[in-house]
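Architecture at a glance
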Amino acid sequence: MSGIRKSFPGVVALDGVDIEVNKGEVMGLLGENGAGKSTLMSILFGLYNRDAGSIEIEGKPVTIKNSGDAIGLGLGMVHQSFTLVPNLTAMENIILGAEPSRAGVIDWREARRKVTELTSQVGLEVPMNHQAEDLPTGFKQRTEILKALLRGAKILILDEPTAVLTPLESEELFRSIRRLTAGGTTVIFITHKLKEVLSITNRITIMRRGKVIATMETKDATVDVLANAMVGREIERKFVFAEYQPGETILDIRNLTVSALHNSHAVDNCSLSVREGEIVGLAGVEGNGQSELVEAIMGLRRPLSGEITLRGKLVNELSTSEILKLSVGHVPEDRALNGLILDFSISENVILGSANRPTFSQRGVLVRGKVRDFARRVVSAFNVSAAGVEVKARNLSGGNQQKVIVGRELANEPRLLVAHQPTRGLDVASTEYIQSLLVSARNAKRGVLLVSADFDEVLDLSDRILVLYEGKIIGELQRGSSIGELGKLLGGVVG
Amino acid sequence: MVRVLRGVVPSIVALLLGLLAGSVLMWAFGLNPFNVFYALFDGALGTRYGQSTVLTYMSSYILLALAFLIPGKAGIWNVGGQGQVFIGGITAALVVVFIPMPIILWPLVAVIAACITGAGLAAVSGILEAYRNASAIVTTIMLNYVAQPFSSLLLYYVIVERVPTVAQNQYVVFPSAATLPAIPFFNASIMFIIAILVAIGAKYFLQRTSLGYNIRAVGMGPKQAESKGINPKTIKVIAMLIGGALAGLAGAGDVLSAGHGCYLVACYQDNFAAGWFGGEGFAGIAVALVAANDPIGAIFSGIFFSILAAGTASVGQNIYVVWAMQGIIIVFMAAPYLSTKVLNLGGKKRWT
């Protein structure tokens, strides 16, 4: 691809990008969120039209107007969010849209033969007769990969494939990728994780702000070199922790059991506590009961049994607004779904839940000046880069959206902050900034419950780490534990 | 300004496309579109009677559009404007018949009572949706079928018995002290002014008050609102109460507008404006959709719909073609995406 240029209203997403991918290699495309990696690949895959530039495959210039063209040219893409039909089996999903058929009737024997042939050829096994929704994430992803391969993909684009995987599943994925490239498939691996790109790729192209910054052989690259190229400045991944002197207990959970829709006990007899001036990391692979636990704390879900005590007050039966009034801040796990209203402006978002407070309203009417002042304070105090406080949340980058949420919660100086996946999907600089906010909240003697599936984050920030596995807390680690110790607990291995 | 224009353009485009399609339809039936349009607009705007009719329709259309769009902002569908208008109307009539009061107070109390019963009916659906998970779309429609005959029963067995009627029982005649004041020169009450003021008030309410803000927050992000301690259930019920009250107000307006000698019988017998989407309550939804759910927009689309409705009387036997055309316009207007796509205007989805 050469000279690729693409602008969206108000932004130049790609500014003359040239990249080259060799046959049979794993090419890492590294960059922060918003660097243009996904846009570039979407152009290659025909999802966007380019403004300028050209694409050649095997030396021949090609036109790609839509994803159909791209598939015809042997391209395949696996997106971050899967596109499987939940109630079809893996097999049905793989052949969907390319079903071998005779007189309009699906030829299942032929389909099975083709899929089996493919899986044994590339060595990717998937339980074919399970419904897609029942498959673990790693297998869902494999199904997506097989789907692309069945359509004759020779160049496979993987967009942040490990974002949803456990460390173990990531390892599996890497093994699959090696097997694929050994068979002649070319893989383009989009990521912003440095360690991954070093362990799986042959060459790395680093993008920043719509431009290619550098291309290098992986063997010549180090974490530092990559990190600097990616963020464009030295990143210091060290936070200043005040001496660990936890104060009184703010949150105390005893024998909590919470049920979920699908499995009976999402949280099973959990006990934990958070004190002033400490960050308690609750680590666990997603889906082990974190969401339900946090919802129970926030009054969004009623516990079956057990006690949740906030600052000495039993809150099991209190409403969310009563709990928030006990000086609790909550950074929910999904920015767009639970945190911000995307069609609201920044100033509308920062008063969410406080519109009735005398701080912002007089006799039921919002005082615009006060709302705007508060929004400006959040924007400036928490480094949100936005054209103004009337900008819609939708038009902010993920990092800035998250800063608005964290800012909203911290601006009220809560005694307890429950931060659920606060840096998921954020670029390096925003991640670091959000993490530093959590650390300074801790240093300011607030209690922080950090629920995260980013294990580096948990290890870096937490004073104590609790590991949640299948709804139970199966272990506690102190600061300074290694990722190995954590990894074992995460996988349910105790001792 | 640009933002305002961007909001209005798709509606204008839809209107023109609808008129064009209507013209083609007329032409296909061997009619001269210009003659039909002339008759239509002349009927609505060219005579004092037509103008009065426009003003009368307008008050109902605007209020019923608000009755739909305010709950809509909270994410709940009030398709029960029809039933709420009937309950409100009959409540106002009952107050007038049974509780004589001094001038001014009389219509005022009747109007307030109508708002309360309208709100009450809407609240039933609001509560069922919020706390019992029964879609308000379904329950409001069902309650229309309860409210309408119930009102007719009261009308024929309670009111007509006690109040003089004229023109072969077409109209009930209420004492003029109980009716809303008429405006000079026109055969219409001040109701349309009230409707416009309510629409402006609704805009202010939604944009500037805490409750209005919470309503919008719940509509646009129920999960986000809930996780910040706003109870979406309560807010939805409140929004339905407001919507129902406005529909009830429209009903009181129909009944107490002195200018029209109290529609009552005509209203319930002929369904107010028979053939027009099966009633004004449903017309309100169309008015709101065309207004892109904006209260100020509802004033203008209310006027437009009133002109169409008032003008149909004067197009003679071509009335069915005009109705068809009105339908087409609504389809175009309610589907802004379609019409902007046609002209590639890059309009945005307007439903919020």
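Everything below is about the structure shown above.
Read on for a plain summary of the structure.

Focus on the pairing of strand S16 (residues 305-310) of chain A
Residue and element names in this part refer to chain A.
- Bridge count for strand S13 (residues 249-258) against S16 is five bridges, and the pairing is antiparallel. Its bridge partner lying in S16, Asp252 is registered against Thr309.
- Across two bridges, the pairing between S16 and strand S17 (residues 313-314) is antiparallel. Bridge pairing in S17 links Leu310 to Lys313.
- If you look at the hairpin formed by S16 and S17, you'll find two residues sitting between the two strands, and Arg311 has a positive phi there, around 45 degrees.

Structural notes on the environment of A:Ile341
- Of note, A:Ile341 is situated in the loop between helix H11 (335-339) and helix H12 (346-350).
- As a C-alpha pair, A:Ile341 and A:Ala393 span 52 residues in sequence and 7.0 Å in three-dimensional space.
- Discounting residues that sit within four places of it in the chain, A:Ile341 has contacts with A:Asn349, A:Leu352, A:Ala393, B:Ala217, B:Met220, B:Gly221 and B:Gln224.

Here we look at the packing of helix H3 (residues 48-73) of chain B against helix H13 (residues 295-311) of chain B
Residue and element names in this part refer to chain B.
- At a minimum axis distance of 7 Å, the contact between H3 and H13 shows a crossing angle of 140 degrees. Taken together, the axis directions place H3 and H13 in an arrangement best described as oblique. The way H3 lies across H13 gives a crossing that is right-handed. Along its contact with H3, which presents Gly50, Thr53, Val54, Tyr57, Met58, Tyr61, Ile62, Ala65, Leu66 and Leu69, the element H13 presents Pro295, Ala298, Ile299, Gly302, Ile303, Phe305, Ser306, Ile307, Ala309 and Ala310.
- Class assignment of the residues belonging to the contact of H3 with H13 gives a composition of 16 nonpolar, four polar and no charged.

Comments concerning the packing of helix H13 (residues 368-381) of chain A against helix H14 (residues 398-411) of chain A
Residues and elements named next belong to chain A.
- Running from N to C, H13 and H14 cross one another at 115 degrees; their axes reach a closest spacing of 9 Å. Classed by the angle they form, the pair H13 and H14 counts as roughly perpendicular. Crossing of H13 against H14: the hand is right-handed. Listed contacts from H14 to Phe374, Arg377 and Val378 of H13 are Val404, Gly407, Arg408 and Ala411.

As for the side chain of A:Ser361
- Residue placement: A:Ser361 occurs in strand S19 (residues 361-362).
- You can call A:Ser361 buried: its relative accessible area is 9%.
- Among the polar contacts listed, one links the side chain of A:Ser361 to the side chain of B:Ser210, at a separation of 3.4 Å.
- Among all residues touching A:Ser361, those that are not within four sequence positions of it are A:Ala355, A:Asn356, A:Leu366, A:Val367 and B:Ser210.

Topic: the interface of chain A and chain B
- Each partner contributes to the interface: chain A provides 28 residues, whereas chain B provides 19 residues.
- Of the roughly 2,000 Å² buried between chain A and chain B on both sides combined, carbon and sulfur atoms contribute 57%.
- Taken together, chain A and chain B are joined by two salt bridges.
- Notably, a salt bridge pairs B:Lys228 with A:Glu409, separated by 2.9 Å at the nearest N-O pair.
- Connecting chain A to chain B are 12 residue pairs in polar contact (both at pLDDT 80 or more).

With respect to the sheet that holds strand S14 (residues 267-275) of chain A
Residue and element names in this part refer to chain A.
- Spatially, the four strands line up as an open sheet ordered S14-S13-S16-S17, and their pairing is antiparallel. Either end of the sheet is taken by a strand with one partner, and the two such strands are S14 and S17.
- Packing against the sheet, helix H9 (residues 290-297) makes contact with S13, S14 and S16, and its axis sits at approximately 120 degrees to S13.

Things to note about the pattern of salt bridges
Residues and elements named next belong to chain A.
- Scanning all chains against the criterion turns up 26 salt bridges over all chains.
- With a closest N to O distance of 3.8 Å, Glu144 and Lys147 form a salt bridge. Remark: Lys147 and Glu144 occur in helix H5 (residues 137-150); sequence separation between them is three residues, near one turn of the helix.
- Assessed through its relative accessible area of 14%, Lys147 is described here as buried.
- As a salt-bridge pair, Lys219 and Glu217 come within 3.8 Å of each other at their nearest N and O atoms.
- With a relative accessible area of 69%, Lys219 lands in the exposed category.

Some words on the sheet that holds strand S9 (residues 155-159) of chain A
Residue and element names in this part refer to chain A.
- Across the sheet, which stays open at both edges, the six strands sit in the order S6-S9-S10-S3-S11-S12 with mixed pairing between neighbours. Each edge of the sheet is formed by a strand with only one pairing partner; in this case those strands are strand S6 (75-78) and strand S12 (211-217). Across this sheet, the average inter-strand angle for adjacent strands is 20 degrees, counted without regard to direction.
- For S9 and strand S10 (residues 186-191), the ladder comprises five bridges, and the chain directions are parallel. Paired with Asp159 across the bridge in S10 is Ile190.
- Here H5 sits on the sheet in contact with S6 and S9, set at roughly 165 degrees to S6.
- Helix H6 (residues 167-182) rests against strand S3 (26-30), S9 and S10 of the sheet, and its axis sits at about 150 degrees to S10.

Basis of the calculations
- Residues numbered from 1 in each chain as written.
- Chains lettered and ligands numbered in written order.
- Predicted model: local features only at pLDDT ≥ 70, side-chain atom pairs only at ≥ 80, totals over all residues.
- Heavy atoms only, no water.
- Pairing = 2+ DSSP bridges.
- Helix = DSSP H or I, 4+ residues; strand = E, 2+ residues; numbered from the N terminus.
- Contact = heavy atoms within 4.5 Å.
- Axes fitted to C-alpha atoms, helices over the stretch in contact; angles between N-to-C directions.
- Parallel < 35°, antiparallel > 145°, perpendicular 65-115°, else oblique.
- Left-handed = near helix turned anticlockwise from the far one by under 90°.
- Nonpolar A, V, L, I, M, F, W, Y, C, P; charged D, E, K, R; others polar.
- Buried < 20%, exposed > 50% of the residue type's maximum accessible area, 1.4 Å probe, protein only.
- Polar contact = N/O pair within 3.5 Å; in protein donor to acceptor, adjacent residues only side chain to side chain.
- Buried area = accessible area lost by both parts, 1.4 Å probe.
- Salt bridge = Lys/Arg side-chain N within 4 Å of Asp/Glu carboxyl O.

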